[in-house]
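Residue-level listing of the chains:
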Amino acid sequence: MLKKVIEKGNGTLKALIIVFIIGVIILATVIVVPIVSERGGNGNGNGNNKIEVAENESSVATTFKIVHAGGIPEVGETVCLEIVSDKLPLDSMRIEWSTTSGALKTDGKVANFTALSAGDFTISAWIVGMEENASSKITLKMHDRPELQIICNSWMLSNDFIEYEVVAKGVGPYKIWSDGLRFKENTIFSSEPGIASIWVEAEALSDGRKITIQKEIAIFQAIASGYNPPALGEKSIPILKNAQKKQIYLFLSEHIGEGEIVFSKEFFIEEIKAKFLFVGDEKGLRVYE
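Residues numbered from 1 in each chain as written. Predicted model: local features only at pLDDT ≥ 70, side-chain atom pairs only at ≥ 80, totals over all residues. Heavy atoms only, no water.

### A look at the overall build of the chain
- Across its full length, the chain carries four helices and 19 strands.
- Expressed as a percentage of its 289 residues, the buried residues of the chain come to 28%.
- When contacts within the chain are restricted to residue pairs at least 6 apart in sequence, those whose partners lie at least 24 apart make up 55%. (Helix = DSSP H or I, 4+ residues; strand = E, 2+ residues; numbered from the N terminus. Buried < 20%, exposed > 50% of the residue type's maximum accessible area, 1.4 Å probe, protein only. Contact = heavy atoms within 4.5 Å.)

In structure tokens form, the structure reads like this:
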């Protein structure tokens, strides 16, 4: 019938009728497509697509995660942890925290963790009443604080061997070198008197930062005994050089401990009672016991 109407009508009427038909087809498409989509993509009416969308929209949270907000992962240092979520109003919810070991201070979605020993630690967080859908864990590997130390005497005699030890804790492999000492297994020696230094360098296991330490060692030609000083009035006392002062300081620090040694240019000597006597002249510094 529609075909006969179009054939009988004039050109304008035909155009309007065609436009109307196209409009009806578009409208039918807009109406029918949602119905088909609601019933299921395969047209069997089981509603699987609709149920899946509903579940996604009503999901408790797409993100509930603990992140490492800051701090160096070292024993004794505080590491800040924080929960992030793109759905939940965390500030208005009751959040609980727990840890396998160490000290944990919490305040809502933020927690500060401090380890008392090195190792792996697991920290957990959850929203009370929503544990199955809103919970998270994070594992932190805590390292010892970096420590480098050179253990050996602060002085030595030339052509003599002394033992040394390097204490390396919380760091990776270290390298050791010197500007005047030679290494042989776990000993050091030098053939020249003066002052030499040992350096040790390593990287911290926690963050890879470089750590370097230095130790100075005084080297003496020999320690003599039986020194008979001349009359003090006949002895001219030269001014000690800075390197000689440093040698004396390193030598004495081994016997009397760390402290301040003051060298005065003017002094009055009435009597000398000493275990060690240092005599400096143009030939260098000599030690008498």
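### Remarks on unusual backbone geometry
- You will see that asparagine 159, though not glycine, has its phi angle at about 65°, which is positive.
- Mapping asparagine 159 onto the fold places it in the loop between strand E9 (155–157) and strand E10 (162–163).
- Judged by its relative accessible area of 54%, asparagine 159 is exposed.
- Phi angles above zero are rare outside glycine, and glutamate 185 is one such case at about 55°.
- By secondary structure assignment, the location of glutamate 185 is in the loop between strand E13 (182–184) and strand E14 (187–189).

### Some words on the packing of aromatic side chains
- With the rule as written, the count across this model stands at seven aromatic pairs.
- Look at tryptophan 155 and phenylalanine 251: their rings are 4.7 Å apart centre to centre, the planes differ by 45°, and that puts the pair in the tilted class. Of this pair, tryptophan 155 sits in strand E9 while phenylalanine 251 sits in helix H4 (residues 242–256), placing them 96 residues apart in sequence.
- For phenylalanine 251, a relative accessible area of 0% puts it in the buried group.
- Consider the rings of tyrosine 164 and phenylalanine 183, whose centres lie 5.6 Å apart with planes at 70°: the pair is edge-to-face. Residue tyrosine 164 is located in the loop between E10 and strand E11 (165–169), and its partner phenylalanine 183 is located in strand E13; the two are separated by 19 residues in the primary sequence.
- Of the residues examined, tyrosine 164 reaches a relative accessible area of 15% and is grouped as buried.
- Taken together, the ring pairs in this structure connect Trp155, Phe220 and Phe251 into an aromatic cluster. (Phe/Tyr/Trp six-rings, centres within 6.5 Å; stacked < 30°, edge-to-face > 60°.)

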